[in-house]
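Remarks on the overall topology
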Amino acid sequence: MDDSASGDRPYDPDAVADREVLERLEPAVREWWRREFGEFVPENEGFFTPPQEGAIPLIDEGTNTLVAAPTGSGKTLASFTAIIDELYRRDRDSDEGLENSVYCLYVSPLKSLANDIHRNLTVPLEGIEAVADERGESTGEIRHAIRHGDTPDSERQKMLAETPHILNTTPETLAILLNSPKFREKLESVEYVIVDEIHSLAANKRGTHLAVSLERLEALARNEITRIGCSATIEPLEGVAEFLVGCEFEEAEDGKTRGEMSSEPREYEIVDARFAREFDLRLESPADDLINTSREVVQERFYDMLHDHIGEHTNTLVFTNTRSGAERVLQNLRERFGAYDEENSACHHGSLSKEVRQGVEERLKEGSLDVVTSSTSLELGIDMPHVDLVVQVGSPKSVAALLQRVGRAGHRVGQTVTGRVIALDRDELVECAVMLKKAEEGFVDSVSIPERAHDVAAQHVYGMAIAEIRPETEVRKILRRAYPYRNYTESEYESLMAYLTADYAGLEDKNVYAKVWRDENDPPDGEHHYPEYPIGEPLIGKRGRLARVIYMTNIGTIPDSFSCDVKTRAADEWVGQLDEDYLDTLEKGDVFVLGGERFEYRYRRGSKVYVDRTASRPTVPTWYSERLPLSTDLGREILAFQGDLAERYEEGGPAAVRAWLRKLPIDDHAVRALARLFDYQCRYAGVESVSTDRRLAIEVERDRGEYERRYYVHSAYGRRVNDGLSRLLAAECADRATANVKVAVADNGFVLSMPLNRKIELETILADLDPSEVRKKLRGALAGTDLLQRYFRINATRALMILKRYKGYEKSASEQQVASEMLLGFAEDLEEFAVIEETYREILEDKLAVSEIESIVGAIDAGELAVSQVLVDSPTPRAFGLATLSASDVVLAEDESAALQAFHEHVLEEIGEESLAGLSGTAGES
């Protein structure tokens, strides 16, 4: 190693395990690294963290790399270091220096994250330049800039004259740049793309959009692009890596159809350092009896616990499951204790203004806030070096989310990641106990990547046609090289083109016009003759003089949403508003609470919702749409956990269960509460009432007071699966019982309700289901629903069938909804219409997890999953949560349901156990 690289202290090169990585770097870069991070990090046995040691050589060699490592372990810095080192070398060795164009794109899901990385790039670039000056090395400037939707026009113009070598951007802005005539040529020099927090993009259509943009960039660039993906929590590694790098396609041999291709993912390497940090995780409960302990006492103990945790740490970050929960926790801390005020505590979530959020982020970086409460907005990689404790209130619904959140604490390798999860109801105790157990075992929930989305394909094919007239084979290859489209069939492509060319009678009468033309290259005297292509070559081009403006002002995948006015049918009386997201959860007959009153949902017209007043109990809680759904992977692990627990219960009773639970990272209150829950469950309804990975338990309750028969299905597969499975079964039940069936859905199961004089055998219906018919039947159950109407609007807008912006006018989300409702009936009658097909695909596959439902039905059909049904007079303990879905978020503690205590007392009476003395009067307490 060059002696000039030595720092303030001597060291033995042979003693440094990762010296080869350090020796790869240019002397000035090497010296800056040692000055910035010290000559030796004992925890790493060298100069670099595990992801840095693994990633820097790979990126330096131009290898596509997925870096999976905890927050704060330096994975993003590793990516930039290898790239800066190469750019510095080129700038030094070239007489002309670097080109006035982009060499590296950094793509992040959040503008704030892009801003954060932009600030963090300044430190190494200025530091390396200072070292080079000391060494007498002349170095030009490596420029970096940020560009997204908020970037002023003046800054954008400046980037054309003085182009950044490293450009930070978002998926939406990259798509616009690819169609920007002036900036497009600046991207031809791109050699590196970093996709940060790739897990949060791969799981939705923003990632689908980005995947095609990267293939368009690859086709545009002069050199092969090295792709780097970064994530703290991700699974499956190989699947996400293939999503990052895309595919290489070869046309099939002669004699095959022209659409047939064979594909292989591009080469890549994975740096798996996900567990390179020590975790100190623990589940806590404010009481060992969350039913008999009054809500006031639970709240008081919870805030005392939280206050103690904050006092024992420097900076504490508190995550709740809703934005309102984050606000309420902060408010209660300030009201209950004199230690918190606006100077040392704050709240951060997406509904707050950008200025407020940025102010909180800056104070987190400085370490001047003792506590910050948040919902999900601080999950991603904004650097907050002083946070040394994360408290999660309630279940974060997946191991990945848990690790992502607690990873905000101890923001450096060598520091222990300290996280505490506080569960405030018994269902969440089960979830969280399994979650922490699986986190310790190295389990991470898998990401589900949307595939073959017509609406995103429509945007990009239109964009490619606008950018330049080109052979249709090139368009098809670019699209299919993107991982989400590797299985895009010829028939699907033709369906897409039929829409884009408006090849449907009557479509233009609905003001939906052709966006592209496709034709063979004509002879010289033809309309579509282009001398650079052979006569007869199929070509694609744009249609319409305003095509570029329409495209640039309407692309993107994030849907607009709005609030709907709620009116009574009888008097047309306005009673409040509902967020549109909440309407996804409502079907005709559902009951919800608004302004303290109960209303039955009847129908929706555009942006108006019509209801009837009712005395019936609510079926959909007000927080439903705001909470993240339980991951299906974790749901399956919960079922396996319950199977193990039931086995131990049968072998040794409650004592054996408690002994087993004490091996988990949970406190004694949680141990006793969980053991008591399952003891009461099994004594009241038998072990067969507990769902496991080999048994689906159903309980049937006859409520003579409300004249209802309820079926509690303990399918702990998560809300997505339960939403789809409940719709499927409700349609079958309604058909067999000739009655209206109401549905209430949660993460740990669902409830089907019908009049008491109607009876069906749910066991029989499940046994009769054919796995091969599931998709068709569920699609049929969606017809005419508000869910279908809403998703058709979203997909019609994404596919540019409905334009949000046109000739200076911006169509609101409610106006888009009205327009889509006018188009839906017409579109449904068109054969294989791409936008309709995509609407059903997105709902079935992405929202309702139809593949998982097919798997469950298949397991029942094959005898691998037994179905047990028990008859009860009152819900079992595991059904309390399902039976009281209308109760508000327990963090808010606004209105404890008296029914919960009544259910509990009934269970105790049935199993012969007396209530604890003096607690019988807590039934109505709040």
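Residues numbered from 1 in each chain as written. Predicted model: local features only at pLDDT ≥ 70, side-chain atom pairs only at ≥ 80, totals over all residues. Heavy atoms only, no water.

Regarding the overall build of the chain
We apply this condition: The numbering of helices and of strands both runs from the N terminus, where a helix is a DSSP run of H or I of at least 4 residues and a strand a run of E of at least 2. Burial classification: accessible surface area is computed with a 1.4 Å probe over protein chains only, and a residue below 20% of its type maximum counts as buried, one above 50% as exposed, and the rest as partly exposed. Should any heavy atoms of two residues lie within 4.5 Å, those residues are counted as being in contact. To be clear on the numbers: accessible area is Shrake-Rupley with a 1.4 Å probe, and residue cover counts the displayed protein chains and nothing else.
Broken down by element type, the chain carries 32 helices and 30 strands. Within the chain, the proportion of its 926 residues that are buried is 59%. Expressed as a percentage of contacts within the chain between residues at least 6 apart in sequence, the contacts between residues at least 24 apart total 74%. Carbon together with sulfur atoms contributes 44% to the accessible area of the chain, which is approximately 35,700 Å² in total.

As for a nonpolar patch on the surface
For clarity, the threshold we go by: What makes a patch is a set of residues exposed beyond 30% relative accessible area and free of salt bridges, joined within 9 Å when like-charged and within 5 Å when nonpolar (Val, Leu, Ile, Met, Phe, Trp, Tyr). Just to be clear on terms, a salt bridge is a Lys or Arg side-chain nitrogen sitting within 4 Å of an Asp or Glu carboxyl oxygen.
On the surface, a cluster of nonpolar side chains totalling about 250 Å² of accessible area is made up of Leu-546, Val-549 and Tyr-806. With respect to the helices, strands and loops of the structure, Tyr-806 is situated in strand 28 (residues 805-806).

Observations concerning the pairing of strand 12 (residues 345-348)
Rule in force here: The criterion for strand pairing is that DSSP finds at least two bridges linking the strands in question. Orienting the strands away from the viewer, one traces the path from the first strand over the helix to the second; a clockwise path indicates a right-handed crossover.
Burial of strand 12 is two-sided: the residues Ser-345 and Cys-347 facing one way and the residues Ala-346 and His-348 facing the other way are all buried. Pairing analysis gives four bridges linking strand 12 to strand 13 (residues 371-374), with the strands arranged parallel. Residue pairing in the sheet places Cys-347 in a bridge with Thr-373 of strand 13. With helix 14 (residues 354-366) bridging strand 12 and the parallel strand 13, this β-α-β connection has right-handed handedness.

What about the pattern of salt bridges?
Taken as a whole and judged by the stated rule, the model has 69 salt bridges. Of the charged contacts, one joins Arg-24 and Glu-61 as a salt bridge, the two residues approaching to 2.6 Å between their closest N and O atoms. Residue Arg-24 is found in helix 1 (residues 19-24), and its partner Glu-61 is found in the loop between helix 3 (50-60) and strand 1 (65-68); the two are separated by 37 residues along the sequence. You can call Arg-24 partly exposed: its relative accessible area is 29%. Taken together, the shared-partner salt bridges in this structure form one network comprising Lys-205, Arg-452, Asp-455, Glu-492, Arg-775, Arg-798, Glu-838, Arg-841, Glu-842, Glu-845, Asp-846 and Glu-854.

Side note on the packing of aromatic side chains
Definition in use: Any two rings among Phe, Tyr and Trp, with Trp reduced to its six-membered ring, count as a pair given centres within 6.5 Å; such a pair is stacked if its planes are under 30 degrees apart, edge-to-face if over 60, and tilted if neither.
In total, this model carries 13 aromatic pairs according to the counting rule given. Measuring from centroid to centroid gives 5.2 Å for Tyr-485 and Tyr-488, while their planes differ by 85°, and the two rings are edge-to-face. Take Tyr-485: its relative accessible area is 0%, and that puts it in the buried class. Plain terms: the ring middles of Tyr-499 and Phe-833 are 5.7 Å apart, the flat faces sit at 85° to each other, and that makes the pair edge-to-face.

Let's talk about the nonpolar core
What counts, and what does not: Definition used in this section: a nonpolar core is a set of buried Ala, Val, Leu, Ile, Met, Phe, Trp, Tyr and Cys residues joined via side-chain atoms within 4.5 Å.
Grouped together as the largest cluster of nonpolar side chains are 205 residues, with contacts concentrated most on Leu-283, Tyr-499, Leu-661, Leu-752, Leu-762, Met-801 and Phe-833. For this core, the element with the highest residue contribution is helix 22 (residues 632-661), accounting for ten residues. Each residue touching Leu-752, except ones within four places of it in the same chain, is listed here: Arg-709, Arg-710, Tyr-711, Ser-726, Leu-729, Ala-730, Cys-733, Val-741, Lys-742, Val-743 and Leu-762. Leu-25, Leu-58, Leu-121 and Ala-132 belong to the second-largest nonpolar core, a separate cluster that totals 38 residues.

Remarks on the sheet that holds strand 18 (residues 538-542)
Basically, it comes down to this: Throughout, an axis means a line fitted to C-alpha atoms (over the contacting stretch in the case of helices), and angles, computed between N-to-C directions, take values from 0 to 180 degrees.
Sheet architecture is open: three strands sit in the order 16-18-17, paired in antiparallel fashion. Both edges of this open sheet fall to strand 16 (470-471) and strand 17 (516-520), since each of them pairs with a single strand only. With two bridges connecting them, strand 16 and strand 18 associate as antiparallel partners. Looking across to strand 18, one finds that Pro-471 is bridged to Leu-539. Its contacts with the sheet put helix 17 (residues 454-467) on strand 16, strand 17 and strand 18, and the angle it makes with strand 18 is roughly 90°.

What about the confidence of the model for the chain?
In plain terms, the rule: How sure the predictor is of each residue is captured by pLDDT, a score from 0 to 100.
Put simply, the chain has an average pLDDT of 87, and 90% of its residues get 70 or more. Taken as a whole, residues 1-11 scores under 50 in pLDDT and shows 25 contacts with residues more than four places along the chain or in a different chain. The low-confidence segment residues 914-926 (pLDDT under 50) makes 17 contacts with residues lying over four places distant or belonging to another chain.

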